[in-house]
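One letter stands for each residue in the lines below.
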Amino acid sequence: MAMGKVRYWAAAKEAAGVAEEPFEAVTLGELMTKITQTRPELARVVRRCSFLVDGSPVGKRAHDEVLLADGTTVEVLPPFAGG
C-alpha cells in the first residue's frame, strides 16, 4: 500500500473541501474509489478530470493499471476554461 498526497485544483478542490490530503492506495483507481465514496459532488467532478502522477499525465490509461508508489503526488485537474 503506497502512501502519498492528492492535490485538488479548481472545482475538484471545492468539491473535496480541501486543497490536499494524504492517501493510502495501490492504484489510481483504488484512490479514486476511496476519495469519492462519501463525496458525491467530488465523484461527479472527478469523472471529468485529468490526472497527473508525480507530474506525468495519466492520459487514457486505465486507472486500475496506474500504480502508485510511496511519496507519490496525484494532481486532480478539472477542465479549465479561459484564454
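Analysis parameters
- Residues numbered from 1 in each chain as written.
- Predicted model: local features only at pLDDT ≥ 70, side-chain atom pairs only at ≥ 80, totals over all residues.
- Heavy atoms only, no water.
- Patch = residues over 30% accessible without salt bridge, like charges linked within 9 Å, V, L, I, M, F, W, Y side chains within 5 Å.
- Areas by Shrake-Rupley, 256 points an atom, 1.4 Å probe, with all protein chains shown as cover.
- Salt bridge = Lys/Arg side-chain N within 4 Å of Asp/Glu carboxyl O.
- Helix = DSSP H or I, 4+ residues; strand = E, 2+ residues; numbered from the N terminus.
- Buried < 20%, exposed > 50% of the residue type's maximum accessible area, 1.4 Å probe, protein only.
- Polar contact = N/O pair within 3.5 Å; in protein donor to acceptor, adjacent residues only side chain to side chain.
- Contact = heavy atoms within 4.5 Å.

(A) Structural context of a nonpolar patch on the surface. On the surface, Met1, Val26 and Leu67 cluster together into a nonpolar patch covering about 310 Å² of accessible area. Within the secondary structure layout, leucine 67 lies in the loop between strand 4 (56-57) and strand 5 (73-77). Under the relative-accessibility criterion, leucine 67 is labelled exposed at 62%.

(B) Quick look at the side chain of threonine 72. Looking at where threonine 72 falls in the secondary structure, it is placed in the loop between strand 4 and strand 5. For threonine 72, a relative accessible area of 2% gives the class buried. A polar side-chain atom of threonine 72 sits 2.6 Å from the main-chain carbonyl oxygen of alanine 69. In this view, threonine 72 contacts Met3, Gly4, Lys5, Phe23, Val53 and Asp54; residues no more than four positions away in its chain are not counted.

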